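# Overview (structure and organization)
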Amino acid sequence: MINRAEIKYEAKNILRTARVSPYIVTLLMLGIGYALDRAVDLVQNGSLLYSYELRRQYLTVMMSGDADAMARLLASIPEDTAMSFFFSILVMLVTLVLSGGFYIYCMGVRKGAEMPYSTLADGLSVAGKLIWCEIQMAVKVFLWSMLFFIPGIVALYRYRFAIYNVLTDDSISAGEAIRRSCRQTSGMKWQLFVLDLSFLGWNILANMTFGLLNIWLTPYRTMCDLAYYESVQENFM
């Protein structure tokens, strides 16, 4: 059984003593992601803040309980064009590759290495494998979810370490990375679920700060997740 409290304490200490600020790297990643999201809003709906306004209107209508107003709001949402759909997919893929670079950065920081900010682009070296791995996982989770809600959640935890496997072992395929993750998470899914649950309060606070808290929370949560991954990785190399 992994000691969650010790892992969280270790993660905070690693972030505190990192040779290059993990918060600046996180800010860069989140900033790029935010800019891309706003670009999607602009291309799809002609407004940089369309999704925020839509969310505000949705919450207002939900609180009013007006079914007719809800129907009108849903009817007002424009249908995706081929161009906006393509752009959305492109943004999603860029975000995935950036996340890969961020994980590489965090892995290096855990080892005490001085990781440059340019590490965010390192996911490009395995971009194809990252994308193919993500597509396979999305399809598998969707198929499991068709059986019932719970199997879909279990599948998410089963494939939790697949991306990490892609980033740490150049010799394996995306499919093998997923299969290895299934073996790695055997008997650990509940521990990973409890780990995620322990961040619930922080996630709520992050939403209340309009995501600003994520600059601190994202590397903290990632460091904890990587600690679980490292605890089982040696048995599968």
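Below you will find a few notes about this structure. Values in this document were obtained by computation on a predicted structure and should not be read as measured data. (Residues numbered from 1 in each chain as written. Predicted model: local features only at pLDDT ≥ 70, side-chain atom pairs only at ≥ 80, totals over all residues. Heavy atoms only, no water.)

## Focus: helix H7 (residues 149–158)
Taken together, the buried positions of H7 are occupied by Gly152, Ala155, Tyr157 and Arg158. Residues of H7 that are buried in the fold lie against helix H6 (127–147), helix H9 (174–184) and helix H10 (189–197). (Buried < 20%, exposed > 50% of the residue type's maximum accessible area, 1.4 Å probe, protein only. Helix = DSSP H or I, 4+ residues; strand = E, 2+ residues; numbered from the N terminus. Contact = heavy atoms within 4.5 Å.)

## A few points about the layout of surface pockets
Estimates place the volume of the largest pocket at around 990 Å³. Every residue lining the largest pocket is counted, 32 residues in all, and those nearest its centre are Ser99, Tyr103, Glu134, Ile163 and Tyr164. Counting residues per element, the ones that place at least two in the lining of the largest pocket are helix H2 (22–45), helix H5 (82–110), H6, H7, helix H8 (162–168) and helix H12 (214–233). Of all the elements, H5 adds the most residues to the lining of the largest pocket, at 9 residues. Considering only residue class, the lining of the largest pocket consists of 20 nonpolar, 7 polar and 5 charged. (1 Å grid on protein atoms, 1.4 Å probe; cavity = no way out; pocket = protein on both sides within 12 Å on 5 of 7 lines; lining within 4 Å. Points joined across faces, edges and corners; volume = space filled by probe spheres on them. Nonpolar A, V, L, I, M, F, W, Y, C, P; charged D, E, K, R; others polar.)

## As for the nonpolar core
Of all hydrophobic cores here, the largest spans 49 residues; its most connected members are Cys133, Phe161 and Tyr228. Counting residues per element, this core draws most heavily on H12, at 9 residues. Cysteine 133 has contacts with Ala162, Ile163, Val166, Ala174 and Ile178, leaving out every residue within four places of it along the chain. (Core = buried A, V, L, I, M, F, W, Y, C linked by side-chain atoms within 4.5 Å.)

## Examining the packing of H10 against H12
At a closest axis distance of 11 Å, the pairing of H10 and H12 adopts a crossing angle of 170 degrees. Between H10 and H12, the angle is such that the two are roughly antiparallel. The hand of the H10/H12 crossing is right-handed. Contacts between H10 and H12 involve Gln191, Leu192 and Leu195 from the former and Cys224, Asp225 and Tyr228 from the latter. In terms of residue class, the contact of H10 with H12 is made up of 4 nonpolar, 1 polar and 1 charged. (Axes fitted to C-alpha atoms, helices over the stretch in contact; angles between N-to-C directions. Parallel < 35°, antiparallel > 145°, perpendicular 65-115°, else oblique. Left-handed = near helix turned anticlockwise from the far one by under 90°.)

## A look at the environment of glutamine 136
Looking at where glutamine 136 falls in the secondary structure, it is placed in helix H6. Separated by 39 residues in the primary sequence, glutamine 136 and glycine 175 have C-alpha atoms spaced 7.7 Å apart. Filtering out sequence-adjacent residues up to four positions away, glutamine 136 remains in contact with Ala174, Gly175 and Ile178.

## Here we look at a nonpolar patch on the surface
A cluster of nonpolar side chains, Trp190, Phe193, Leu197, Leu200, Trp202, Ile204, Leu205 and Met208, forms an exposed patch at the surface whose accessible area comes to about 840 Å². Those elements that place two or more of their residues in the nonpolar patch are H10 and helix H11 (200–208). If one sorts the elements of the nonpolar patch by residue count, H11 sits on top with 5 residues. Its place among the elements puts leucine 200 in helix H11. The class of leucine 200 is partly exposed, set by a relative accessible area of 46%. (Patch = residues over 30% accessible without salt bridge, like charges linked within 9 Å, V, L, I, M, F, W, Y side chains within 5 Å. Areas by Shrake-Rupley, 256 points an atom, 1.4 Å probe, with all protein chains shown as cover. Salt bridge = Lys/Arg side-chain N within 4 Å of Asp/Glu carboxyl O.)

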